[in-house]
Amino acid sequence: MKAGAMKNGSIRRVALLFMAAVAVCAVLLALNVGYRLLSKQLADNRVFAVLVDDQRLLLDGKTLDAFNADLQRLGISHQASLEQQMNAWVDQWLDDTFVLALDAVPGYMDWYYSMPGSYTRLYYAISGDLDAALRERLESHLLVQSGFEQRLADFDRALTRQLHGILGEQGQALRQALVQRYSDRQVELAEPKIDARQVIDVNAALDRAFGASAGDIQRWQISSQASVVAGVGSFALLARHAILPRLMRLGSVQAARQVIAGFAARLAPRMAGAVTIGGSAAAVAAPTGPSALVAGGIAFATAAGTIVITDFALLKAEEAVMREDQERQLHDELVVFRESTRDQLQAQLQAAFGPAGESYRRGVGGIEDETRAKRQFHILDQWRFWDA
Amino acid sequence: MQRPLVFNLAIFLLLLGWSLLPGVLRGWAMLPLWIACTALVFTGSFEAARLRRRVWLDQYLLAASPWHRVLRGGSVMIAWHLLIGALLSLFMLIKLQSLAVALWVVLALGLPLIAWLLRSLSGRLQKHVLPQARPALVRRFTVPLAVCVLTALYLVVTLSLGQPDVRGLNWDSAVTQHLQQSSSQFAPLRFLERLYMMLELTLQWALQNALGGTERNGGLAVVGWSLLLLSGSAFIWAYVRLMVGVDALFSQRRGASLQELS
C-alpha cells in the first residue's frame with residue numbers, strides 16, 4: 001500500500017514536472033512565434049534599389065542607412081580634397097605663369113642695354129615720349145612675347161577644365177568606392193521587382209551636388225575677376241593694368257630712365273649750339289646762296305656727331321652700373337606681385353569653396369532626405385530593441 | 001515543517017547561484033529552472049483554486065452529485081494555472097537576473113517569514129479548521145500575509161536604492177540613454193528582458209519627474225506608483241507562491257500517503 005502510494009506520488013510529481021515543461025515550452029514557443037511575427041512586421045524587409053555608377057544595388061533598409069552614412073562621409077571628404085587639389089593647382093598655375101615673365105627679364109635687360117636698344121631709347125628721349133616707349137617695350141618683352149598675358153587670359157578656361165576634371169574623377173571614385181563596398185551586401189532576390197518609389201538615384205543626386213558646387217565656383221570666377229585685380233575687367237588685363245604700372249614705378253627703372261632723359265636734356269642745348277654754330281659759319285663764309293646751307297649742315301653734323309659719341313660712351317658707363325639693380329628689382333617686383341596675387345586668389349577661392357561646399361552638402365543631403373522620405377521609422381529601433 | 005524550510009533555502013540558493021552565472025550558461029540553465037519554478041508556482045495556485053472551487057460547489061451541489069467530480073477543476077483549470085505559473089516565473093526570473101543585493105536580502109528574509117507564518121497559522125487554526133482542509137487553508141492565508149510584508153519591505157528597499165538620474169529628461173531620451181544591454185542569448189528572452197528594463201526605467205522616470213511639480217505631474221505619480229506597486233507585488237507574489245509551492249508539494253505527498261493509509 002505504502003509502496004503504491006509512493007509510486008503514485010512520484011508519478012504525480014513526474015506528471016507535474018512534465019506539465020510544467022509543456023507549459024514552459026508552449027510559452028516559449030508562443031513567445032518565439034510572437035517575436036518572429038513582430039520582428040518581421042517591424043523589420044525593414046522592403047528592398048531599395050540604389051542607382052549608382054551604372055549599377056543597381058539592391059539594399060534593405062538597414063544597409064541603405066549605412067550606405068547613406070558612407071555616402072555623406074565620403075562626399076564630405078571628397079569635397080575637402082577637392083578644395084585642397086584646387087588650391088594646389090592654383091598655386092602651381094601661378095608659379096608656372098610667373099616663371100614666363102621672370103624668365104623674360106634677362107632678355108629685356110639684354111635689349112635695354114644693347115646698341116639698338118640704347119639708340120632707340122635715345123631717340124625717344126629726344127623726341128619726348130620716352131615713358132610711353134619704355135612702357136611699350138617692357139610690355140612687349142615681359143608680358144606679350146613671353147606668353148605671360150596669354151596664359152593669364154587662359155586662366156578661366158584652365159580653371160574650369162581643371163575643376164571639371166577633378167570633379168569627374170572624384171565623382172567616379174566616390175561611386176566606385178560605394179559600389180565596391182556595397183555590392184556584396186546586397187539582398188538576394190529571386191525576382192527583383194522593385195517599386196519605382198523604392199528607387200534611389202544616387203547618380204543624379206551626385207551629379208546635382210557636384211554640378212551645383214561647380215556652378216558656385218564658376219559664379220565666383222565671374223564675380224571675382226573684378227575683385228581679384230582691383231578694377232581690371234578680366235584676368236587677362238591684369239598684366240597690362242596692374243603689373244606694368246608697378247614695374248614702371250620701380251626705383252631702378254625710373255633711375256635708368258632718368259639717366260637717358262638727363263642725357264637727352266643735356267644734349268639739347270648743345271645740339272642747339274651746334275645748329276647756331278653751323279648757321280653762323282655759313283653766314284660768315286658765304287653770305288648768300290645754297291653753298292651756305294651745305295656748309296652749315298656739315299658743321300652741325302660734325303658738332304652733333306662728336307657730342308653724341310663722346311657723351312654716349314659716358315652714358316653707357318653710367319647705365320651699366322644700374323643694370324644689375326634694375327634686373328633684380330624687376331624680378332623682385334614680379335615675385336612680390338605673384339605672391340600678392342596668390343594670396344588674393346587663395347582667399348577668393350576659399351570664399352568660393354564655402355558656398356560650393358554648402359551646395360554640395362545640400363546636394364548630397366538631398367539623398368538623405370529622399371531616403372528618409374522613403375524609409376520607415378521604428379520606435380523600437382530607436383531604443384535599440386532589435387539589435388545588440 | 002523543517003524540511004520545506006530547507007528546501008526553500010535550497011531553491012533560494014539555486015536562484016541566487018543561477019543569477020550569478022555567466023551569460024551563456026545562465027541562458028541555458030534558465031530553461032530547467034523556469035520549468036521547476038512553473039511546477040512549484042502551479043502546485044500552490046492549483047491547490048488554492050481547487051479549494052476555492054470545492055467550497056463554491058459545496059454551497060450549491062448535493063453531496064452525492066457526480067457534478068462534484070466534473071466541476072472540481074480539470075484540464076482547463078490546469079492549463080490556465082500552468083500559463084499563469086509560467087508567466088509569473090518568467091517575470092520573476094527576468095527580474096532576478098538584475099536584482100540588487102539588498103533585494104536578495106529581502107527575499108532571504110522572506111524564507112523564515114514564510115516558515116514562521118506557516119507554523120503559527122497552523123497552530124492557530126488547529127482548534128477551528130477541519131484537519132484535511134487545514135494545510136491548504138494555512139497556505140492560502142500565508143500567501144497574502146507574506147506578500148504584504150515582503151512587498152512593503154521591497155518598496156522601502158527599492159525606493160532607497162540608487163537610480164539612474166532621469167530628472168528633466170524626456171521619457172524618450174531617458175530610455176535611449178539609460179536602456180542597458182541585455183545579457184540573454186535567446187532573442188525573444190532578450191526582447192523580454194529589455195522590455196522589463198524599459199518598464200523599470202519608465203517607473204523610475206515617472207517617479208523622479210513626479211517629484212518636481214505636484215500640481216502638474218499628478219498623472220505621472222499615479223503611473224509611477226502603480227507601476228512600482230504592480231511590478232513589485234507581482235514579483236513578490238511569484239516568489240512567495242514559489243516558496244509556498246514547495247510546502248504544498250510536501251503536504252500533498254503527506255496527504256496522499258495519509259489518504260492511502262486511512
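Here the structure is a predicted model, which is why all the values come from computation and not from measurement. (Residues numbered from 1 in each chain as written. Chains lettered and ligands numbered in written order. Predicted model: local features only at pLDDT ≥ 70, side-chain atom pairs only at ≥ 80, totals over all residues.)

(A) Focus on the overall build of chain B. Within chain B, the secondary structure is distributed over 9 helices and 0 strands. The order of helices and strands in chain B, counted from the N terminus, is α-α-α-α-α-α-α-α-α. Across the 262 residues in chain B, those meeting the buried criterion constitute 32%. Excluding contacts between residues fewer than 6 apart, the proportion of contacts in chain B whose partners are at least 24 apart in sequence is 76%. (Helix = DSSP H or I, 4+ residues; strand = E, 2+ residues; numbered from the N terminus. Buried ≥ 20, exposed ≤ 12 C-beta atoms within 10 Å, placed from the backbone. Contact = placed C-beta atoms within 7 Å.)

(B) Structural context of the overall build of chain A. If you tally the helices and strands in chain A, you get 11 helices and 3 strands. In sequence order, the secondary structure elements of chain A are arranged as α-β-β-α-α-α-α-α-β-α-α-α-α-α. Scored against the burial criterion, the 388 residues of chain A give a buried share of 24%. Once local pairs closer than 6 in sequence are excluded, the contacts in chain A between residues at least 24 apart make up 83%.

(C) Here's a closer look at the environment of A:Leu57. Along the chain, A:Leu57 falls in strand β2 (residues 55–60). Considered as a pair, A:Leu57 and A:Tyr182 are 125 residues apart in the sequence and their alpha carbons are 7.5 Å apart.

(D) Region of interest: the pairing of strand β1 (residues 47–52) of chain A. Residues and elements named next belong to chain A. Bridge count between β1 and β2: 6 bridges; the pairing is antiparallel. Residue pairing for β2: Val 52 is matched across the bridge by Gln 55. Linking β1 back to β2 in an antiparallel pair, the connection comprises 2 residues, with Asp 53 at a positive phi of about 55°. Inspection of the sheet shows β1 paired to strand β3 (residues 199–201) by 3 bridges, in the parallel sense. Within the sheet, the bridge partner assigned to Val 50 lies in β3 and is Ile 200. (Pairing = 2+ DSSP bridges.)

(E) Geometry of the nonpolar core. Formed by 50 residues in total, the largest nonpolar core has its most connected members in A:Val50, A:Leu59, A:Phe67, A:Ala101, A:Leu142 and A:Val202. Broken down by element, this core gets its largest block of residues, 12 residues, from helix α2 (residues 61–112) of chain A. Residue contacts for A:Val202: discarding those within four places in its chain leaves A:Val50, A:Leu51, A:Val52, A:Leu71 and A:Ile367. Membership of the second largest hydrophobic core comes to 48 residues, among which are B:Leu15, B:Phe46, B:Ala86 and B:Leu118. (Core = buried A, V, L, I, M, F, W, Y, C linked by C-beta atoms within 7 Å.)

(F) Here's a closer look at the sheet that holds β3(A). Residues and elements named next belong to chain A. The strand order across the open sheet built from 3 strands is β2-β1-β3, with neighbouring strands paired in mixed fashion. In the strand order of this sheet, the two ends are held by β2 and β3, each with one partner. Within this sheet the neighbouring strands show an average axis-to-axis angle of 25°, counted without direction. Strands in contact with α2 are β1 and β2; relative to β2, the strand with the most contacts, it is inclined by about 120°. Packed onto the sheet, helix α6 (residues 155–182) meets β1 and β2 and runs at close to 50° relative to β2. (Axes fitted to C-alpha atoms, helices over the stretch in contact; angles between N-to-C directions.)

(G) Local environment of the confidence of the model for chain A. Residue and element names in this part refer to chain A. Here chain A shows a mean pLDDT of 73. Residues at 70 or above account for 66%. Element-level pLDDT for chain A is lowest in helix α9 (residues 251–285), with a mean of 60, against a maximum mean of 83 in α2. Note on residues 226–233: pLDDT under 50 across the span, and 12 contacts to partners over four residues away in sequence or across chains. In the predicted structure, residues 278–287 sits below a pLDDT of 50 and forms 19 contacts with residues beyond four places in sequence or in another chain. (pLDDT = per-residue confidence, 0-100.)

(H) Quick look at the packing of helix α4 (residues 75–97) of chain B against helix α8 (residues 187–210) of chain B. Residue and element names in this part refer to chain B. Viewed as axis vectors pointing N to C, α4 and α8 meet at an angle of 70°, and their least axial separation amounts to 10 Å. The orientation of α4 relative to α8 falls into the category roughly perpendicular. Across from Ile 94, Lys 95 and Gln 97 in α4, the residues of α8 making contact are Leu 192, Glu 193 and Tyr 196. Its residues placed into classes, the contact of α4 with α8 shows 3 nonpolar, 1 polar and 2 charged. (Parallel < 35°, antiparallel > 145°, perpendicular 65-115°, else oblique. Nonpolar A, V, L, I, M, F, W, Y, C, P; charged D, E, K, R; others polar.)

(I) How the structure looks around the environment of B:Ala174. Residues and elements named next belong to chain B. The residue Ala 174 is located in helix α7 (residues 171–178) in this model. What makes Ala 174 buried here is the crowd of 23 C-beta atoms within 10 Å. The spatial distance from the C-alpha of Ala 174 to the C-alpha of Trp 205 is 7.4 Å, given a sequence separation of 31 residues. If we ignore the near neighbours within four places in the chain, the residues touching Ala 174 are Val 166, Leu 169, Leu 201 and Trp 205.

(J) Structural detail: the packing of α2(A) against α6(A). Residues and elements named next belong to chain A. One can describe the packing of α2 onto α6 by two numbers: an axis separation of 10 Å at closest approach and a directional angle of 155°. It follows from the interaxial angle that α2 and α6 lie roughly antiparallel. Classified by chirality, the crossing of α6 by α2 is right-handed. For the pair α2 and α6, the contacting residues are Thr 63, Phe 67, Asp 70, Leu 71, Leu 74, Gly 75, His 78, Leu 82, Gln 85, Met 86, Trp 89 and Trp 93 in the first and Ala 158, Gln 162, Leu 163, Ile 166, Leu 167, Gln 170, Leu 174, Ala 177, Leu 178, Arg 181 and Tyr 182 in the second. Split into classes, the residues belonging to the contact of α2 with α6 amount to 15 nonpolar, 6 polar and 2 charged. (Left-handed = near helix turned anticlockwise from the far one by under 90°.)

(K) Structural detail: the confidence of the model for chain B. Residues and elements named next belong to chain B. Summary statistics for chain B give a mean pLDDT of 85 and a share of 92% for residues scoring 70 or more. Per-residue pLDDT stays below 50 along residues 257–262; that stretch engages in 6 contacts with residues further than four places along the chain or on separate chains. On the interface metric, ipTM, the complex scores 0.78, and its pTM is 0.56.

(L) Region of interest: the environment of A:Leu206. All names here are of chain A. Looking at where Leu 206 falls in the secondary structure, it is placed in helix α7 (residues 202–228). On a C-alpha basis, the gap between Leu 206 and Val 52 in space is 9.2 Å, while along the polypeptide they are 154 residues apart. Look past the residues within four positions of Leu 206 in its chain and what remains in contact with it is Gly 171, Leu 174 and Arg 175.

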